[in-house]
Amino acid sequence: MSNVIAKFFAAPDDKDLNFIRLTRNILLFGLTAVLVMFLVVMTSQELRGQALIIWILGALIVVQTFALLLVVRRGEVGVAKIVVPIALLVALTVNALGGNSLHDISIVGYPLIIIIGILLQDRLSLVITVPLTLAAVALLGALDMAGLTTSALRSETEINDIAIISVLLLTATGILHLLVGRLRLAVSKAEANEQAQIAANQELKELQTSLEQRVQERTSELTQRRTELESANAQIHRRATQFEALAQVVQAITSVRDLQELLPRITTVISESFGFYHVGIFLLDEAQQYAMLSATNSKGGRNMLERSHRLRVGEEGIVGYVTSTGEPRIAMDVGKDPVFFNNPDLPETHSEMALPLKSGDRIVGALDVQSRETGAFNEEDIQMLSLLANQVSLAIENARLFDETRIALAEAEAVSRQFTREAWGRLPSEQKLIGYRYNVTGAAPLGEPINLTESGKGKTQAKQTETSQVVVPIELRGETIGTLVVQSPSAGRLNQDQLDLIKAVAERVALSAENARLFEETTRRAERERMVSDITGRIRSMNDPHAMIQTAIEELRKALGATRVEVIPQAVKGAE
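Predicted model only: the values in this text are computed from it and were never measured.

A. Region of interest: the overall build of the chain. Looking only at helices and strands, the chain features 15 helices and 10 strands. Counting all 576 residues of the chain, 32% fall into the buried class. Considering only contacts in the chain between residues 6 or more positions apart, those separated by 24 or more positions represent 57%. Per element, the accessible surface of the chain, about 36400 Å² overall, is 57% carbon and sulfur.

The following block contains the structure:
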């Protein structure tokens, strides 16, 4: 019986690299979420005094960090599979207890915890994550119903709320398990099809090799003239392929801005067009001490990427030499090159060429090309690869400028939104104005805010059914500065043309209101400057310091409407 249970909950993916990376990423996400909650609690005025929540969140951070170290250093995911869902569950539950308990927004994260549990634990989540989540819901509900929480909505909590949330979580759990099962079955079929396709491709390659050998035998019987023509045609074709590769790289540079997508595409194009089995692109780190492998096409190169392969500038390998001097280096026979770095992931390398990547006069990296053949690089290859290196350098610079421009634009938009939000946030208190109501009798200022969620309260049912209400936000630069509420004595719904008209009016209201606010602000500023100029002029017209101070006090009192203005002298430190 125990073997059956163990087999049911077995996790064959624990040693799979993809699953380990998935676990690491989810663990990072969970640790970040708990850290954010910890910072919110530490900085919140309402929660700062709740030491228990702070200690619990701190302990969860320590446990998750320990689990992350196990995953990163040893690849052991067993602890993380248990820690991540439980830590998030405890953090959300503790956060909910410090807020509105069962009605707190934190419980929205419970389905996410179940999803994470299913991804990490598979069937084991049925006996760990799901029961604990349901227990957390029951705990919150029970504490609310017992009046043991600080939630303002605890009196509204009923047993039906606990039951409904539990049923929804169980339903989501069942559906997710079914979906995950279907996805795994589809992946298994895809892998089987992939293996079959690989076998078929291998047969085709063997057939192709056999046919090429037969063609080569027949071709050797032709005359020397035909051989020369074929050689010339091959060179022309190779040259055309190289130009096509250059064109593809240029097209990719103009259409792709993300280096994470662009650089691997460039390595693949170069490898396929030039026939080099390994192509890598190195970029210097911020300290200009190491050349970091950023993109590659070969299997060995991907292994190097996984362990963050890097070479010290000026000390390790041909790439280190090139990134130090800024000069290209070509080794037709790597065994005879004194600076060659013998990489165990690329044991078939017999010739290597590295070209510097420059942005202006600054070295940003290197393009590394390796071949299985000795003396694999001719003059045409060197010229073409130099052009490609220049294009890659241009792509890196364009991506950097694009990122800087995008960040600057985002910062400008954020500042604009913040300024708009602050300006319109001060307006109601400064103007002592809530809004206006327009009807058949005219316009009048509002005495109190309109409760949009309770519209119609206090009216008879007949008037409610006869009134059609539309609420449209008044937005300016992405910020909502007000609300346009339109009520129509029509029993039916407004049509789309009428709704579009209301939205257009809301946009015009936003622009007009902003123009009016700017005009009023400019007027006030001009008036303030005029008053300052007048006061300054009166002060400067006098020579007696006491008279200057008296004039300044009197003018300030008049301008501010104050009953008393005093000038208090202060002793200067260090004065004798």
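Next comes the rest of the account.
B. Here's a closer look at a nonpolar patch on the surface. A contiguous nonpolar patch, built from L22, F29, L112, I115 and L119 and spanning about 380 Å² of accessible area, is present on the exposed surface. Of all elements in the fold, only helix 2 (17-43) and helix 5 (110-121) reach the threshold of two or more residues within the nonpolar patch. Top contributing element to the nonpolar patch by residue count: helix 5, with 3 residues. Its place among the elements puts F29 in helix 2.

C. Representation of the packing of aromatic side chains in the model. Scanning the entire structure with this criterion turns up 1 aromatic pair. Here the aromatic rings of F276 and F377 are separated by 5.3 Å at their centres, their planes lie at 55°, and the arrangement is tilted. Within this pair, whereas F276 is found in the loop between helix 9 (259-274) and strand 1 (278-284), its partner F377 is found in the loop between strand 6 (362-371) and helix 12 (379-431), the two being separated by 101 residues in sequence. No difference in accessibility class separates F276 from F377, as the two residues are buried.

D. Highlighting the pattern of salt bridges. Scanning the entire structure with this criterion turns up 5 salt bridges. The salt bridge involving D345 is made with R307; its shortest N-O contact spans 2.5 Å. Taken together, the positions of D345 in the loop between strand 4 (329-331) and strand 5 (351-359) and R307 in the loop between helix 10 (299-306) and strand 3 (310-312) put the pair 38 residues apart, joining distant regions of the chain. In this structure D345 comes out as partly exposed when scored by relative accessible area, which is 22%. For E507, the salt bridge is made with R508, and the minimal N-O distance between the two is 3.7 Å.

E. Layout of helix 15 (residues 545-560). A rise of 1.5 Å per residue sets the reference length of helix 15, with its 16 residues, at 22 Å; its end C-alpha atoms lie 22 Å apart and thus fit the reference within 8%. Restricting attention to buried positions, one finds in helix 15 the residues T551, I553 and E555. In this structure, the buried side of helix 15 is in contact with helix 14 (496-540).

F. Representation of the sheet that holds strand 1. Here we have 6 strands laid out as an open sheet, ordered 3-2-1-6-5-4, and antiparallel in their pairing. The sheet terminates laterally at strand 3 and strand 4, the two strands that pair on one side only. Each strand of the sheet is rotated relative to its neighbour by a mean of 25°, with strand direction disregarded. Across 3 bridges, the pairing between strand 2 (residues 290-296) and strand 3 is antiparallel.

G. Up close: empty space enclosed by the protein. Going through the model one piece at a time under the given rule, you end up with 3 cavities of 30 Å³ or more. When its volume is computed, the largest cavity comes out at roughly 120 Å³. Lining the largest cavity are 16 residues, and of these F341, N343, E352, D368 and Q370 sit closest to its centre. In terms of residue count, the dominant contributor to the lining of the largest cavity is helix 11 (residues 317-325) (3 residues). Each residue belonging to the lining of the largest cavity can be placed in one class, and the counts come to 8 nonpolar, 6 polar and 2 charged.

H. A look at the side chain of T133. Mapped onto the secondary structure, T133 falls in helix 6 (residues 129-145). When sequence neighbours within four positions are dropped, the list of residues in contact with T133 reads L89, Y110, I113, I114 and L169.

I. Seen up close, the packing of helix 6 against helix 7 (residues 159-219). Their axes nearest at 9 Å, the elements helix 6 and helix 7 cross at an angle of 165°. Comparing the axis directions of helix 6 and helix 7 gives the class roughly antiparallel. Seen from above, helix 6 lies across helix 7 with right-handed handedness. Between helix 6, through V130, T133, L134, V137, A138, G141, A142 and M145, and helix 7, the contact on the second element is made entirely by I159, I162, I165, S166, L169, L170 and T173. Among the residues making up the contact of helix 6 with helix 7, the classes are represented as 11 nonpolar, 4 polar and no charged.

J. Inspection of the nonpolar core at higher detail. Residues V34, L57, V84 and Y110 are the most contacted members of the largest nonpolar core, which totals 35 residues. Mapped by element, the contributors of at least two residues to this core are helix 2, helix 3 (51-74), helix 4 (78-97), helix 5, helix 6 and helix 7. At 10 residues, helix 4 tops the list of elements feeding residues into this core. Each residue touching V84, except ones within four places of it in the same chain, is listed here: I26, L27, Q64, I116 and L120. Counting 27 residues, the second largest nonpolar core, distinct from the first, contains L259, L262, M384 and V392.

K. The arrangement of the packing of helix 14 against helix 15 in detail. In the contact formed by helix 14 and helix 15, the axes pass within 9 Å of each other and the chain directions differ by 155°. Classified by the angle between their axes, helix 14 and helix 15 sit roughly antiparallel to one another. For the pair helix 14 and helix 15, the crossing hand works out as right-handed. Packed against helix 14, whose contacting residues are M531, I535, R538 and I539, the element helix 15 presents M548, T551, A552, E555 and A559 at the interface. Here the residues of the contact of helix 14 with helix 15 sort into 6 nonpolar, 1 polar and 2 charged.

L. Broad picture of the environment of S294. You can see S294 is positioned in strand 2. Residues S294 and R310 lie 16 residues apart in sequence; the distance between their C-alpha atoms is 9.4 Å. In this view, S294 contacts L263, I281, F282, L283 and L305; residues no more than four positions away in its chain are not counted.

M. Structural detail: the environment of Y290. With respect to the helices and strands, Y290 occurs in strand 2. Separated by 23 residues in the primary sequence, Y290 and V313 place their C-alpha atoms 5.3 Å from one another. Once residues lying within four places of it in the same chain are set aside, the contact partners of Y290 are L283, L284, D285, R310, L311, R312 and V313. Reaching out from Y290, the side chain makes a polar contact with the side chain of R312 at a distance of 2.3 Å.

N. The side chain of T323, seen in detail. Inspection of the secondary structure puts T323 in helix 11. At 2.9 Å, the side chain of T323 forms a polar contact with the backbone oxygen of V319. Within the structure, T323 has its side chain in polar contact with the backbone oxygen of G320 (distance 3.1 Å). Setting aside residues no more than four positions away along its own chain, T323 makes contact with L284, A291, V313, I363, G365 and A366.

Cut-off values and rules
- Per chain, the residues get numbers from 1 upward, laid out in the order the sequence is written.
- Thresholds applied to this predicted model are a pLDDT of at least 70 for local features of residues and 80 or more for the giving and counting of side-chain atom pairs; totals over whole chains, interfaces and linings are not thresholded and use all residues.
- The side-chain numbers reported here are obtained from all heavy atoms of the structure, hydrogens and water having been left aside.
- Strands here mean DSSP runs of E at least two residues long; helices mean DSSP runs of H or I at least four residues long; both are numbered from the N terminus.
- Burial classes: relative accessible area under 20% of the type maximum marks a residue as buried, over 50% as exposed, and values in between as partly exposed (1.4 Å probe, protein chains only).
- Between two residues, a contact is recorded if the distance between any of their heavy atoms is within 4.5 Å.
- Areas reported here follow the Shrake-Rupley algorithm with a probe of radius 1.4 Å; residue values treat only the protein chains shown as occluding.
- Patches in this entry comprise residues that are over 30% relatively accessible and not in a salt bridge; like charges within 9 Å are linked, as are nonpolar side chains (Val, Leu, Ile, Met, Phe, Trp, Tyr) within 5 Å.
- Any carboxyl oxygen of Asp or Glu that lies within 4 Å of a side-chain nitrogen of Lys or Arg is treated as forming a salt bridge with it.
- Pairing of aromatic rings covers Phe, Tyr and Trp, the last through its six-membered ring, and needs centres within 6.5 Å; plane angles under 30 degrees mean stacked, over 60 mean edge-to-face, and all others mean tilted.
- Expected span of a helix: the number of residues minus one, times 1.5 Å.
- Pairing between strands requires that DSSP locate at least two bridges from one strand to the other.
- Every axis corresponds to a line fitted to the C-alpha atoms, with the helix fit spanning only the stretch in contact, and the corresponding angles, defined between N-to-C directions, vary from 0 to 180 degrees.
- For each structure, a 1 Å grid was placed over the protein atoms alone; sets of points admitting a 1.4 Å probe that cannot get out are labelled cavities, open sets with protein on both sides within 12 Å along at least five of seven lines are labelled pockets, and lining residues have an atom within 4 Å of a point.
- Grid points are joined across faces, edges and corners, and a volume is the space filled by probe spheres set on the points.
- Residue polarity is assigned by list, with Asp, Glu, Lys and Arg as charged and Ala, Val, Leu, Ile, Met, Phe, Trp, Tyr, Cys and Pro as nonpolar; anything else, Gly included, falls into the polar class.
- In this scheme, roughly parallel covers angles under 35 degrees and roughly antiparallel covers those over 145, while 65 to 115 is roughly perpendicular and the rest are oblique.
- We call a crossing left-handed when the near helix sits turned anticlockwise from the far one by less than a right angle, and right-handed when that turn is clockwise.
- As used here, the term nonpolar core means buried Ala, Val, Leu, Ile, Met, Phe, Trp, Tyr and Cys residues forming a set that is joined through side-chain atoms within 4.5 Å.
- Under the rule applied, a polar contact is a pair of N or O atoms within 3.5 Å (in protein, one hydrogen donor and one hydrogen acceptor; residues adjacent in sequence only if both atoms are side-chain atoms).

The values are spatial; any link to function lies outside them.
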